[in-house]
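Below are the chains, spelled out letter by letter.
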Amino acid sequence: RGASGTAERQKWEQDVILGIKVLKVLARTWRTSVTEQDPPEWLLQGVPKLIVQILSMRDCGDRVTACLLELGIEVLHGGEEKFQNSLHAIMTSDEQLGAPDLFAHLQDRLRRAEAEGRTSNRIRFEQGPQRRIIEGLIRTGKQRDLHSLIVQAAKNDPRLETSHVGLVIRFLHLLCEGHNMTLQDFLRTQPSSSRAVDMVSGVASYVDAVTPYINPRIVKEVTIAMSALSEFVQNPCRRNQRVLVDT
């Protein structure tokens, strides 16, 4: 991989993204097929290993990260325990493929999302016709039409959301979907690592940080986060419940 922005780096990203998209299609094809067979080795072991390896690199780029998270969500769809256990085994293996680095990378994105959330309610309107329409709606007291226009403006805002926080949190949710106690605990602490990363408090902190700025641009992400927090503490997982109380 070259430095960000170089031709070598762009070529690397394009090749990786293409490969990930192919794997996603193959994974979905297998998942939706009518079969009772165990997943093939490339899908059960190879794909999780690829996800962990590349997501452990903080400089893998926003587009590659998004594609990898989508692939992870695809293979974990519905709380597939075999894939949960495979990812857990890889992240706790002797090779140390990256649980701390992977979670540190995702935690960085949660913090970036907090900053995005604080500015997400600053909606930009065009100076011309759109602003005149808003002024007219205010004068005539048509609050419903005004609200609809503001919501549409928020959805069409050209600013890019680069944290991909919705994908990050959905991936973490599916890692322990089905009240997988082992993974619930693992999201909070990684005993085999010298530097544990608490993703449970990370998601809770994100919700706490952006809630005062809630608006149509981020309401979907906050809803995803609340659903994930609910999964983190079910079973019940007392230690995760305690983390939420203390966060």
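The structure we're discussing is the one just above.
Not measured: the values here are computed from a predicted model.

K.L.:
What exactly am I supposed to notice about the overall build of the chain here?
P.N.:
Looking only at helices and strands, one finds 12 helices and zero strands in the chain. Starting at the N terminus, the α and β elements of the chain follow one another as α-α-α-α-α-α-α-α-α-α-α-α. Residues classed as buried in the chain amount to 46% of the 247 residues present. Looking at the chain alone, contacts between residues at least 24 apart form 76% of all its contacts between residues at least 6 apart.

K.L.:
When you look at the packing of helix α2 (residues 41-55) against helix α3 (residues 62-75) in this model, what are you seeing that I'm missing?
P.N.:
Two quantities define a packed helix pair, namely the angle between the helix axes and the distance between the axes. Relative to each other, α2 and α3 sit at 150 degrees, their axes nearing to 10 Å. Classed by the angle they form, the pair α2 and α3 counts as roughly antiparallel. The two elements α2 and α3 cross, and the hand of that crossing is left-handed. For the pair formed by α2 and α3, the contact residues are L43, V47, I51, I54 and L55 on the first element and V64, T65, L68, L69, L71, G72 and V75 on the second. Here the contact of α2 with α3 is built from residues that sort into 10 nonpolar, two polar and no charged.

K.L.:
I would appreciate a short explanation of the environment of S194 in the present structure.
P.N.:
Note that S194 resides in the loop between α9 (181-188) and α10 (199-210). Once the C-alpha coordinates of S194 and P100 are considered, the two residues, 94 residues apart in sequence, prove to be 8.7 Å apart.

K.L.:
Sorry, what's going on with the packing of aromatic side chains here?
P.N.:
The geometry of two aromatic rings is summed up by the distance between their centres and the angle between their planes. Within this structure, the stated rule accounts for two aromatic pairs. Seen from their ring centres, W30 and F83 are 6.5 Å apart, and the 80 degrees between their planes marks the pair as edge-to-face. Here W30, found in helix α1 (residues 7-32), pairs with F83, found in helix α4 (residues 81-91); they are 53 residues apart in sequence, far enough to count as distant.

K.L.:
In this structure, what is going on with the packing of α2 against α4? I would like to understand it.
P.N.:
Orientation of α2 relative to α4, taken along the N-to-C sense of each, is 50 degrees, at an axis distance of 9 Å. Viewed along their axes, α2 and α4 adopt a mutual orientation that is oblique. Between α2 and α4 lies a crossing of right-handed hand. When α2 is examined against α4, the residues L43, L44, Q45, P48, K49 and V52 are found in contact with a partner set consisting of K82, F83, S86, L87, I90 and M91. For the contact of α2 with α4, a count of residues per class yields eight nonpolar, two polar and two charged.

K.L.:
Honestly, the pattern of salt bridges in this entry has me stumped. Any pointers?
P.N.:
Pairing between side chains of opposite charge can happen when the charged atoms of each approach one another. Here the structure, examined in full by the defined rule, presents 14 salt bridges. Between D101 and R195 there is a salt bridge, and its shortest N-O distance comes to 2.2 Å. Residue D101 is located in helix α5 (residues 99-119), and its partner R195 is located in the loop between α9 and α10; the two are separated by 94 residues in the primary sequence. On the basis of relative accessible area, R195 is assigned to the partly exposed category, the value being 40%.

K.L.:
Would you take a moment to explain the environment of I224 for this structure?
P.N.:
Positionally, I224 belongs in helix α11 (residues 219-233). In sequence terms I224 and L167 are 57 residues apart; their C-alpha atoms lie 9.1 Å from each other. Aside from chain neighbours lying at most four places away, what touches I224 is G166, I169 and R170.

K.L.:
How do you make sense of the side chain of H173 when you look at a structure like this?
P.N.:
Relative to the elements of secondary structure, H173 occurs in helix α8 (residues 165-175). Excluding residues within four positions of it along the chain, H173 makes contact with S227, A228, E231 and F232.

K.L.:
Explain unusual backbone geometry to me, please; I cannot follow it from the model alone.
P.N.:
Glycine aside, residues mostly have negative phi angles, and peptide bonds mostly take the trans form. P236 follows N235 through a cis peptide bond whose omega is 0 degrees. The topology assignment puts P236 in the loop between α11 and α12 (238-246). Not every positive phi belongs to a glycine, and H164 is a case in point at roughly 55 degrees. Considering the arrangement of structural elements, one finds H164 in the loop between α7 (143-155) and α8. Relative accessible area serves as the criterion here: at 18%, H164 is assigned to the buried category. Backbone geometry places N235, a non-glycine residue, at a positive phi of 135 degrees. The topology assignment puts N235 in the loop between α11 and α12. Look at N235 and you get partly exposed, because its relative accessible area is 41%.

Definitions and limits used
- Per-chain numbering applies: the sequence of each chain, read as written, is numbered from 1 onward.
- Since the coordinates come from a predicted model, pLDDT governs what is reported: local features require at least 70, and pairs of side-chain atoms require 80 or more to be given and counted, while whole-chain, interface and lining totals use all residues.
- Water and hydrogen atoms were dropped before computing side-chain values, which therefore reflect all heavy atoms in the structure.
- Where helices and strands are cited, they refer to DSSP runs of H or I of at least four residues and of E of at least two residues respectively, numbered from the N terminus.
- Relative accessibility decides the category of a residue: with a 1.4 Å probe and only protein chains considered, values under 20% of the type maximum give buried, values over 50% give exposed, and everything between is partly exposed.
- Contacts are assigned to residue pairs with any non-hydrogen atoms lying within 4.5 Å of each other.
- For helices, the fitted axis covers only the stretch in contact; all axes are lines through C-alpha atoms, and the angles between them, taken along N-to-C directions, range from 0 to 180 degrees.
- Just so you know how the angles are binned, under 35 degrees is roughly parallel, over 145 roughly antiparallel, 65 to 115 roughly perpendicular, and the rest oblique.
- Crossing handedness is defined as follows: a turn of the near helix away from the far one that is anticlockwise and smaller than a right angle gives a left-handed crossing, while the clockwise case is right-handed.
- Put simply, Ala, Val, Leu, Ile, Met, Phe, Trp, Tyr, Cys and Pro go in the nonpolar bin, Asp, Glu, Lys and Arg in the charged bin, and everything else, Gly too, in the polar bin.
- Pairing of aromatic rings covers Phe, Tyr and Trp, the last through its six-membered ring, and needs centres within 6.5 Å; plane angles under 30 degrees mean stacked, over 60 mean edge-to-face, and all others mean tilted.
- A carboxyl oxygen of Asp or Glu within 4 Å of a side-chain nitrogen of Lys or Arg is what we treat as a salt bridge.

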